[in-house]
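# Descriptive structure summary
Each chain, letter by letter, is given below.
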Amino acid sequence: MELRDVEELMELLYACRGTRDVPEPGRPPVDLHDHALRTAALLRRAHPADKELQVAGLVQPVGRLLWPGDPAGRAGQTADAVRALLGERVSRLLRDRPGRGAPAGDDLLALRQATEEGRTAGFDAGVLEDWRTVLELLAARNSRLGAVE
């Protein structure tokens, strides 16, 4: 599956609302929608200029909806689904998450830290609609780059 536009991605992200993940032992379950918003907000605070990193944190839970029965392949499938829309870097960040055999560079460590902190952080991270413009800008930029290649 490949996501074709921001509206389709937004619908999936909205569909995460009320969906709880099945955590590893010792970790509390979280609402995927809230966790995505908190993760993206934490990345925005720590890396305000890095929109691709922020969006990678935001879209991580989409794979849990699209491929609920395939936890092992979910990261790669999610990366493939967003590549055409959000670009190679966002795709790579989703695919190469630390703990999956990839060396942990600064970006991957920041993503992992925000993902973990987002599970327990107790703050209002805003609403999904706040991210629409960022998603549209990344999609437009990626579309232009794809047209040039």
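These figures come from a predicted structure and were not determined experimentally. (Residues numbered from 1 in each chain as written. Predicted model: local features only at pLDDT ≥ 70, side-chain atom pairs only at ≥ 80, totals over all residues. Heavy atoms only, no water.)

## Some words on the overall build of the protein
The condition that has to hold: Every helix listed is a DSSP run of H or I at least four residues long, and every strand listed is a run of E at least two residues long, numbered separately from the N terminus. Only protein chains enter the calculation, and the probe is 1.4 Å; a residue is then buried if its accessible area is under 20% of its type maximum, exposed if over 50%, and partly exposed in between. In these tables, accessible area is a Shrake-Rupley quantity obtained with a 1.4 Å probe, and a residue counts as shielded only by the protein chains included in the view.
Scanning the protein from terminus to terminus reveals eight helices and zero strands. In sequence order, the protein lays out its α and β elements as α-α-α-α-α-α-α-α. A buried classification covers 47% of the 149 residues belonging to the protein. Counting every atom, the protein has about 7700 Å² of accessible surface; 51% of that belongs to carbon and sulfur.

## Some words on helix α2 (residues 32-46)
The cut-off we apply is this: Take the residue count of a helix, subtract one, and multiply by 1.5 Å to get its expected span. Only heavy atoms matter for contacts: two residues are in contact if any of them lie within 4.5 Å across the pair.
Taking 1.5 Å per residue, 15 residues should reach 21 Å; α2 reaches 21 Å between its end C-alpha atoms and fits that length. Along α2, eleven of the 15 residues are buried, which leaves the element largely enclosed by surrounding structure. Residues Leu32, His33, His35, Ala36, Leu37, Arg38, Thr39, Ala40, Ala41, Leu42 and Leu43 constitute the buried set of α2. Where α2 is buried, its residues touch α1 (6-15), α3 (51-59), α4 (62-66) and α7 (106-120).

## Overview of the packing of helix α5 (residues 74-86) against helix α6 (residues 88-95)
Going by this rule: Helix axes are fitted to C-alpha atoms over the stretch in contact, other axes to C-alpha atoms as well, and angles between N-to-C directions run from 0 to 180 degrees. An angle below 35 degrees is treated as roughly parallel, one above 145 as roughly antiparallel, one from 65 to 115 as roughly perpendicular, and anything else as oblique. Think of it as three bins: nonpolar holds Ala, Val, Leu, Ile, Met, Phe, Trp, Tyr, Cys and Pro, charged holds Asp, Glu, Lys and Arg, and polar takes everything else, Gly as well.
Look at α5 against α6: their axes get within 7 Å of each other, and the N-to-C directions meet at 170°. It follows from the interaxial angle that α5 and α6 lie roughly antiparallel. When α5 is examined against α6, the residues Ala75, Gly76, Thr78, Ala79, Asp80, Val82, Arg83 and Leu86 are found in contact with a partner set consisting of Glu88, Val90, Ser91, Leu94 and Arg95. Here the contact of α5 with α6 is composed, by residue class, of six nonpolar, three polar and four charged.

## Considerations on the nonpolar core
Inclusion rule: Only buried Ala, Val, Leu, Ile, Met, Phe, Trp, Tyr and Cys residues count toward a nonpolar core, and they belong to the same one when joined by side-chain atoms within 4.5 Å.
By size, the foremost hydrophobic cluster in this structure holds 38 residues, and its most contacted members are Leu9, Leu58, Val59, Leu86, Val90 and Leu135. Elements with a contribution of two residues or more to this core: α1, α2, α3, α5, α6, α7 and α8 (132-148). At six residues, α2 tops the list of elements feeding residues into this core. Excluding anything up to four places from it in sequence, leucine 135 contacts Val6, Leu9, Met10, Leu13, Val55, Leu58 and Leu86.

## A closer look at the pattern of salt bridges
Threshold: Salt bridges are defined by distance alone: a side-chain nitrogen of Lys or Arg within 4 Å of a carboxyl oxygen of Asp or Glu.
Inspection of the entire model under this criterion finds ten salt bridges. The partner of glutamate 88 in a salt bridge is arginine 83, with the nearest N and O atoms 3.0 Å apart. Classification of glutamate 88 as partly exposed rests on a relative accessible area of 47%. Residue classification places arginine 83 among the partly exposed positions, given a relative accessible area of 28%. A network of salt bridges, in which partner residues are shared, links Asp50, Glu52, Arg89, Asp107 and Arg141.

## A short note on the confidence of the model for the protein
To be explicit about the condition: A residue's pLDDT is simply how confident the predictor is in it, with values from 0 to 100.
Of the residues in the protein, 89% have a pLDDT of 70 or more, and the chain-wide mean is 86. Within the protein, the lowest mean pLDDT, 82, falls on α8, and the highest, 96, falls on α3.

## Regarding the packing of aromatic side chains
Spelled out, the test is: Two aromatic rings from Phe, Tyr or Trp, using only the six-membered ring of Trp, form a pair when their centres are within 6.5 Å; if the ring planes differ by under 30 degrees the pair is stacked, by over 60 it is edge-to-face, and anything between is tilted. Two limits define a charge over a ring: the Lys NZ or Arg CZ must be within 6 Å of the ring centre, and within 35 degrees of the ring normal.
Tallied over the full model, the rule gives zero aromatic pairs. Over the face of the ring belonging to phenylalanine 123 we find arginine 45, whose NZ or CZ atom lies 4.4 Å from the ring centre.

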